[in-house]
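Take a look at the letters that make up each chain.
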Amino acid sequence: YSNFVDNLRVYVRGGTGGMGYPNLGGEGGRGGDVWFVARERTTLKSIREKYPHKRFVAGTGANSSVKALKGEKGKDREVHVPLGISVLDDDGKQIGELNAAGERFLAARGGLGGSLATNFLPCKGQRRTVHLDLKLIADVGLVGFPNAGKSSLLSKISHAKPEIANYAFTTIQPELGKIMYADYKQVVADLPGLIEGAHANKGMGHKFLKHVERTKQLLLVVDISGFQLSVKSQFRTAFETILLLTKELELYKEELVTKPALLAINKMDLPCAKDNLDELMTQLENPQDFLHLLEEEMIPANTLEFREVIPISTYTGEGIEELKTCLRKSIDEQAEQVNEEYRKKKLLLLQTSK
């Protein structure tokens, strides 16, 4: 897991201002600023490797002189960071966000140059320690317990090649895969397997649940035959698994349950899969009638409403093309809805300005 870096603590300091010139009332140049600039194909890991001390200091302002009474500003320091970065202070409070290439955040302001107001003495630049917190940005986030087949599904529908093996946590770092359509690409994020209690940071808990936050939609991947983490853990049916996944998302952040969601029922090539699917569909149609199957503390306050339920088999390829079509349709519908809301807001602003 250490190969994937999604949080980095760095020290930033604005440049000190330049000295003033008392005899002629000259002003020193202001210190340079430290900027975080979002850039594609940049990773937190590469920043850590390139700058092991993780210190970023801007240039000092030029002193005032007879030749130049107004000193030049110190050189700014630009730090290239990945897209999808939240900037947090040492108390964990978010002070900035960078989501698109080219976006900039002023991390540390340079100090003022010496002038009459400061008795011609320069001021030091702003200094602080900040955390760069990465959340992957994707159209669809795959959510499921270990061995549900998320990695296999990602490799089937996209060009991603995640490692696939039969053990509890098959995915040790988030994987991004692009689904290729005739006209443009869609992005899917594969999230490592959650376990019961992930919201409380068990397993890899918060390190991966936070990546769901910026996905536009959720794709739950569930094993039709049920799920059991180990011989000591309780066996869960497919219906119980869906409720438990919903509960984990809800306990971490309630808004996650309001995202548009699709459900992929995997391993339809197994014996008795058809009977299990019929039973599951009955349960999903009237979930309230079957909530008694779970302990009260495991029941989510709100059940997820799925736009589509697609039976698939990553082993035989059954339902994979249908799933890709459903994903595309759902993403397009959501984009159109967002555009419509934007148009309405613009129209309302125009009407009120008149």
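Only a predicted model underlies this, so the values are computations on that prediction, with no experimental measurement involved.

Focus: the sheet that holds strand 6 (residues 94–98)
No. 1: If you trace the 5 strands from one edge of the open sheet to the other, you get 3-1-8-5-6, paired in mixed fashion. Of all the strands in the sheet, just strand 3 (55–57) and strand 6 have a single pairing partner and so form its edges. For this sheet, the mean angle separating the axes of adjacent strands, direction not counted, is 25 degrees.
No. 2: Relative to strand 8 (residues 127–134), strand 5 (residues 85–88) is paired through 4 bridges, and the arrangement is antiparallel. For Leu-88, the partnering residue across the bridge sits in strand 8 and is His-131.

Focus on the packing of aromatic side chains
To describe a pair of aromatic rings, you give the distance between the ring centres and the angle between the ring planes.
No. 1: With the rule as written, the count across this model stands at 4 aromatic pairs.
No. 2: An angle of 70 degrees between the planes, with centres 5.0 Å apart, marks the rings of Tyr-51 and Phe-56 as edge-to-face.
No. 3: Note on Phe-56: relative accessible area 1%, which makes it buried.
No. 4: Aromatic side chains Phe-145 and Phe-227 sit 4.9 Å apart centroid to centroid with 15 degrees between the ring planes, which places their arrangement in the stacked category. One end of the pair, Phe-145, is in the loop between strand 9 (140–143) and helix 2 (150–157); the other, Phe-227, is in the loop between strand 12 (217–223) and helix 4 (238–252), with 82 residues separating them in the sequence.

A closer look at the confidence of the model for the chain
No. 1: Across the chain, the average pLDDT comes to 85, with 86% of residues at 70 or higher.
No. 2: Ranking the helices and strands of the chain by mean pLDDT puts strand 3 first, with 98, and strand 11 (residues 185–190) last, with 63.
No. 3: Overall, residues 164–172 carries pLDDT values under 50, and its contacts beyond four positions in sequence, including any with other chains, amount to 21 contacts.

Observations regarding the sheet that holds strand 2 (residues 34–38)
No. 1: With mixed pairing, 3 strands are arranged side by side in an open sheet as 4-2-7. One side of each edge strand has no neighbouring strand; the edge strands of this open sheet are strand 4 (77–81) and strand 7 (104–108). Adjacent strand axes in the sheet meet at a mean angle of 30 degrees, parallel and antiparallel pairs treated alike.
No. 2: Here strand 2 pairs with strand 4 via 5 bridges, running parallel. Bridged to Trp-35 within strand 4 is Glu-78.

As for the environment of Ser-330
No. 1: Inspection of the secondary structure puts Ser-330 in helix 6 (residues 320–353).
No. 2: With near-sequence residues (within four places) excluded, Ser-330 lies in contact with Gln-217, Leu-262 and Arg-307.
No. 3: There is a polar contact of 2.6 Å between the side chain of Ser-330 and the side chain of Gln-217.

A word on the side chain of Glu-240
No. 1: Counting through the fold element by element, Glu-240 comes out in helix 4.
No. 2: Although Glu-240 is buried, it forms no salt bridge, and the closest oppositely charged side chain is Arg-236 at an N-O distance of 4.6 Å.
No. 3: A polar contact is formed between the side chain of Glu-240 and the backbone nitrogen of Thr-237, at a distance of 2.9 Å.

Cut-offs used in this document
Each residue is numbered by its place in its chain's sequence as written, counting from 1. Residue-level local features of this predicted model are given only where pLDDT is at least 70; pairs of side-chain atoms are given and counted only at 80 or more, and the full residue set underlies all totals for whole chains, interfaces and linings. Water and hydrogen atoms were dropped before computing side-chain values, which therefore reflect all heavy atoms in the structure. Only when DSSP finds a minimum of two bridges between them are two strands counted as paired. A run of H or I in DSSP becomes a helix once it reaches four residues, and a run of E becomes a strand once it reaches two; helices and strands are each numbered from the N terminus. Note on geometry: axes are C-alpha line fits, over the in-contact stretch for helices, and angles between N-to-C directions span 0 to 180 degrees. Within 6.5 Å between ring centres, the rings of Phe, Tyr and Trp (the latter by its six-membered ring) count as paired, and their orientation is classed by plane angle as stacked under 30 degrees, edge-to-face over 60, tilted in between. To sort residues, take the accessible area from a 1.4 Å probe on protein chains only and compare it with the maximum for the residue type: under 20% means buried, over 50% means exposed, and anything in between is partly exposed. The quantity called pLDDT is the predictor's confidence in a given residue, expressed from 0 to 100. Here, residues are in contact when the closest pair of their heavy atoms is within 4.5 Å. Nitrogen and oxygen atoms within 3.5 Å of one another constitute a polar contact, given that in protein one can donate a hydrogen and the other can accept it, and given that sequence-neighbouring residues count only through two side-chain atoms. Charge counting follows a simple rule: Lys and Arg are positive, Asp and Glu are negative, and His as well as the terminal groups are ignored. The term salt bridge refers to a side-chain nitrogen of Lys or Arg lying within 4 Å of a carboxyl oxygen of Asp or Glu.

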